Amino acid sequence: MADDISSFWGPVTSTKEWCEPNYVLSSYIAEFFNTISNVPCIILALIGLVNALRQRFEKRFSVLHMSNIILAIGSMIYHATLRQMQQQGDETPMVWEMLLYFYILYSPDWHYKSTMPTFLFLYGALFAIAHSQIRFDIGFMLHYALLCLLCIPRTYKYYIHTEDRSAKQIAKLYVATLLVGAVCWLCDRLFCKDISRWYFNPQGHALWHGLMGFNAYFANTFLMYCRAQQREWNPKIKHFLGFFPYVKIQKPKVQ
């Protein structure tokens, strides 16, 4: 991709560009498909947020769904502009979101309740400051991958202790969308020169966005089910519009 393309937003200053020609369909949107492919994530996060609020789940899940929305909006702005500041506005919420997942996964067994949120808040704040001053590239991806890997052991523990088949199916869908999305991301990143010569660009990064929208939705739904089990809220998996799984709970009546 050319680095000197000018548009409504000015020249490209992002340290990354993806395998989609810039400003083809609009002078206001640098990467059209990479931008609009974040819409499913917003819609799915809104469905999850409404369910969390309607059934009065713990606030952590409302914040989690809202963080998915913020992340998707940040990604849209970044891919629409391809500016350095907007890239940071996309990548920093990615780290914050993983810290939130880390808290939700590990806090139930953490004996010192105030230490974990304090540490994670300070870590997220320090990362945001450092990221605003330093251009990360490979370092950011390795850091993000490490945060994801740290969440795997506890997620697997929840999975093996879950007996409900529908809930386990949601966890399997989470893994499937992650693996397929990762393949799309890697192909778009590694084979762009070859793909650019094809008659049809499969838009691997846009597919990654769409799959990650479903991935986050499945992850959040599974974690809500596990948390409801911990609180003895008698969770059951239901389906919205016959497809979208959500958690239905029945809290014990207060005596």
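Residues numbered from 1 in each chain as written. Predicted model: local features only at pLDDT ≥ 70, side-chain atom pairs only at ≥ 80, totals over all residues. Heavy atoms only, no water.

1. Section: a positive patch on the surface
Positive charge collects at one region of the surface, where Arg54, Lys236, Lys238 and Lys248 lie side by side. For Lys238, the location among the structural elements is in strand β1 (residues 236-240). A residue is classified by how much of its surface remains accessible, and Lys238, at 38% relative accessible area, is partly exposed. (Patch = residues over 30% accessible without salt bridge, like charges linked within 9 Å, V, L, I, M, F, W, Y side chains within 5 Å. Areas by Shrake-Rupley, 256 points an atom, 1.4 Å probe, with all protein chains shown as cover. Salt bridge = Lys/Arg side-chain N within 4 Å of Asp/Glu carboxyl O. Lys, Arg positive; Asp, Glu negative; His and termini not counted. Charge placed at Lys NZ, Arg CZ, Asp CG, Glu CD. Helix = DSSP H or I, 4+ residues; strand = E, 2+ residues; numbered from the N terminus. Buried < 20%, exposed > 50% of the residue type's maximum accessible area, 1.4 Å probe, protein only.)

2. As for the state of the cysteines
The bond known as a disulfide is covalent and runs between the sulfur atoms of two cysteines. As enumerated under the stated definition, the model contains one disulfide in all. With no disulfide partner, Cys187 has as its closest neighbouring cysteine sulfur the one in Cys184, 7.0 Å distant. Residue classification places Cys187 among the partly exposed positions, given a relative accessible area of 31%. (Disulfide = S-S within 2.5 Å.)

3. Thoughts on unusual backbone geometry
For Arg56, which is not a glycine, the phi torsion comes out positive at approximately 55 degrees. Mapped onto the elements, Arg56 comes out in the loop between α2 (39-54) and α3 (59-81). Here the phi dihedral of Gln203 falls at roughly 55 degrees; this positive angle occurs in a residue that is not glycine.

4. Digging into the side chain of His143
Structurally, His143 is set in helix α6 (residues 138-160). Leaving out residues up to four positions away in the same chain, His143 has contacts with Val95, Tyr123 and Phe127. (Contact = heavy atoms within 4.5 Å.)

5. Section: the packing of aromatic side chains
Per the counting criterion, the structure on display carries 15 aromatic pairs. An angle of 85 degrees between the planes, with centres 5.5 Å apart, marks the rings of Phe32 and Phe33 as edge-to-face. You can call Phe32 partly exposed: its relative accessible area is 26%. Relative to Tyr144, the ring of Phe140 lies with its centre 6.2 Å away and its plane at 15 degrees, an arrangement referred to as stacked. Here the residue Phe140 and the residue Tyr144 both occupy positions in helix α6, the gap between them amounting to four residues, near one helical turn. Owing to a relative accessible area of 4%, Phe140 belongs among the buried residues under this scheme. One residue, Lys168, lies across the ring of Tyr159, its end atom 3.8 Å from the ring centre. Across the ring face of Trp18, the terminal group of Arg189 is positioned such that the distance to the ring centre comes to 4.5 Å. (Phe/Tyr/Trp six-rings, centres within 6.5 Å; stacked < 30°, edge-to-face > 60°. Lys NZ or Arg CZ within 6 Å of the ring centre and 35° of its normal.)

6. Quick look at the layout of surface pockets
A probe matching the size of a water molecule, rolled over the atoms, marks out where space remains unfilled. When its volume is computed, the largest pocket comes out at roughly 1,400 Å³. Lining the largest pocket are 48 residues, with Tyr144, Cys148, Leu178, Trp208 and Met212 positioned closest to its centre. Among the secondary structure elements, those contributing two or more residues to the lining of the largest pocket are α3, α4 (84-106), α6, α7 (165-190) and α9 (204-230). At 13 residues, α6 tops the list of elements feeding residues into the lining of the largest pocket. Considered class by class, the residues forming the lining of the largest pocket number 34 nonpolar, nine polar and five charged. The space that makes up the second largest pocket amounts to roughly 430 Å³. Along its surface, the second largest pocket is lined by 15 residues, and Val63, Trp96, Leu99, Leu100 and Phe121 are the ones closest to its centre. Of the residues contributing to the lining of the second largest pocket, the split by class is twelve nonpolar, two polar and one charged. (1 Å grid on protein atoms, 1.4 Å probe; cavity = no way out; pocket = protein on both sides within 12 Å on 5 of 7 lines; lining within 4 Å. Points joined across faces, edges and corners; volume = space filled by probe spheres on them. Nonpolar A, V, L, I, M, F, W, Y, C, P; charged D, E, K, R; others polar.)

7. Digging into the packing of α6 against α9
One way to put it is that α6 packs onto α9 with a least axis distance of 11 Å and a crossing angle of 65 degrees. For the element pair α6 and α9, the recorded crossing hand is left-handed. Contact residues: Thr155, Tyr158 and Tyr159 in α6; Phe222, Leu223, Cys226 and Gln230 in α9. Broken down by class, the residue content of the contact of α6 with α9 amounts to five nonpolar, two polar and no charged. (Axes fitted to C-alpha atoms, helices over the stretch in contact; angles between N-to-C directions. Left-handed = near helix turned anticlockwise from the far one by under 90°.)

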